[in-house]
Amino acid sequence: MKDKYILGIETSCDETAVSIVKNGREVLSNVVASQIESHKRFGGVVPEIASRHHVEQITLVLEEAFNESGLDWDDIDAIAVTEGPGLVGALLIGVNAAKALAFAKGKPLVGVHHIAGHIYANRLEEEFQFPLLALIVSGGHTELVLMKEHGSYEVIGETRDDAAGEAYDKVARMLNLPYPGGPHIDRLAAEGDAVIDFPRAWLEEDSFDFSFSGLKSAVINKIHNAKQKGITFKQEDIAASFQASVIDVLATKTLKAAMQHNVKQVIVAGGVAANKGLRAELEAKFKETTIPLLIPPLRLCTDNAAMIAAAGTINYEQGKRSGMDLNANPSLLL
Ligand code: KG4
Ligand code: ZN
């Protein structure tokens, strides 16, 4: 079979990224321009600033992705782009760039769901075994997705309020830690003890849904009440206790879902998959089973375009094509 080279473009949040992937699994280039420094002083991503940075960066990042790969446009089979979910203004820059390039270079256009991208980041490391369970934990998502074949996604659990990463970022803000707070809490947690018993939202017995807003409020209340009473908790202990609660629920529900659905593989995806505590807990839990656990290396956990090219390759192989009417969809369903 002829080799396939897919160009991926990702601009759904605060990373401008372009990548070229061969046959859905081999990364030839993976260029990511992060805007984190520009958003830090606002304590979160400012949509207007994100869009402007994407406009400034996209052609430079594209050029670099070609340079790194050693390929040129003649080699490219199709252009894959994140169509949603994400910030609408940010998504539009990538979608419009992809449409303009597809038109100018005469290449097929393939829209990709951002979460499908996070899932397929794992396939850049190891081939999928179906049925497969994916735990997606990012700044905007907390989902358990069952896949019976390539390109098919069944959401069996999701957050009813805050995403796991969102809870990390909000708690970090309370502790006066810089944005994004996840990595800082992760680091502090390793130095503290989980001495505070924060709530765990298990929800209904048979539910694989999640809820993190109660936990977030509990942490905020604890800090306020302690201040009023003149009690001080060590930041490290608050971080460790909060993290213990998040990880306990995520890992326990993932294991239960994996057993119930008899899956052949469990994969983890999204920015929070970088969390050392979560990785360790999942590894410990799945070691007791015969189910292989796959967690991507850190560089593939956070937003990048190699994952979009990888998921786009499957869409392309399955004959899915987008037209010139492709639009950014901030609340696109998986
Ligand atoms: O997937 P991602 O890069 O962007 C979204 O699509 O949301 O995820 C970003 C999220 C942020 O909330 C960030 O705080 C969190 O991932 N994150 C972490 C860690 N590294 C990044 N959360 C906990 N522990 C980490 N080590
Ligand atoms: Zn993401």
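Residues numbered from 1 in each chain as written. Chains lettered and ligands numbered in written order. Predicted model: local features only at pLDDT ≥ 70, side-chain atom pairs only at ≥ 80, totals over all residues.

Per an unreviewed UniProt entry, the recorded name for the protein chain is tRNA N6-adenosine threonylcarbamoyltransferase, and the organism is Ornithinibacillus hominis. Per its UniProt entry, the protein chain bears the Sequence similarities (unreviewed entry) comment "Belongs to the KAE1 / TsaD family." Check the Subcellular location (unreviewed entry) section of the UniProt entry for the protein chain; it says "Cytoplasm". (UniProt positions renumbered as here; feature names shortened; annotations may be inferred.)

Right, let's talk about the site of ligand 1 for a bit. Ligand 1 sits among 19 residues. The nearest are Gly139, Gly165, Gly182, Gly271 and Asn275. Secondary structure elements with two or more residues in the shell around ligand 1: α5 (164-174) and α6 (182-191). Here the shell around ligand 1 is composed, by residue class, of 6 nonpolar, 10 polar and 3 charged. Split by domain, the shell around ligand 1 shows at least three residues from each of two domains, domain 1 (5-120 + 301-317) and domain 2 (127-295). (Near = placed C-beta within 6 Å. Helix = DSSP H or I, 4+ residues; strand = E, 2+ residues; numbered from the N terminus. Nonpolar A, V, L, I, M, F, W, Y, C, P; charged D, E, K, R; others polar. Domains from an automatic or database assignment.)

With that settled, the discussion passes to the UniProt feature "binding site: substrate" (unreviewed entry) in the protein chain. Here the UniProt feature "binding site: substrate" (unreviewed entry) sits at Ile136, Val137, Ser138, Gly139, Gly140, Asp169, Gly182, Asp186 and Asn275. As for its position among the elements, Val137 is in strand β6 (residues 132-137). The exposure class assigned to Val137 is buried, which follows from the 29 C-beta atoms found within 10 Å. Not counting the four nearest positions on each side in its chain, Val137 is found in contact with Thr142, Ala164, Gly165, Leu250, Gly270, Val272 and Ala273. Mapped onto the elements of the fold, Asp186 is located in helix α6. Residue class for Asp186 comes out buried when judged on the 20 C-beta atoms lying within 10 Å of it. Not counting the four nearest positions on each side in its chain, Asp186 is found in contact with Asn275, Lys276 and Gly277. (Buried ≥ 20, exposed ≤ 12 C-beta atoms within 10 Å, placed from the backbone. Contact = placed C-beta atoms within 7 Å.)

Quick look at helix α8 (residues 235-260) now. In this model, α8 (26 residues) spans 38 Å end to end at C-alpha, consistent with the 38 Å of a helix rising 1.5 Å per residue. Where α8 terminates, the next one or two residues include Asn262, which has phi positive at roughly 50°. (Expected span 1.5 Å × (residues − 1).)

Of all the 6 residues making up β6, 6 are buried; the element is thus mostly covered by neighbouring parts of the structure. Of the two faces of β6, the one carrying Leu132, Ala134 and Ile136 and the one carrying Leu133, Leu135 and Val137 are both buried. Taken together, the 6 bridges between β6 and strand β7 (residues 142-147) define a ladder with antiparallel strand orientation. When the sheet's bridge partners are listed, Ala134 is paired in β7 with Val145. A loop of 4 residues connects β6 with β7, the two strands running antiparallel in sequence. In this structure, β6 lies alongside strand β9 (residues 265-269), joined through 5 bridges in parallel fashion. In the sheet register, Ala134 faces β9, and the bridge partner there is Ile267. (Pairing = 2+ DSSP bridges.)

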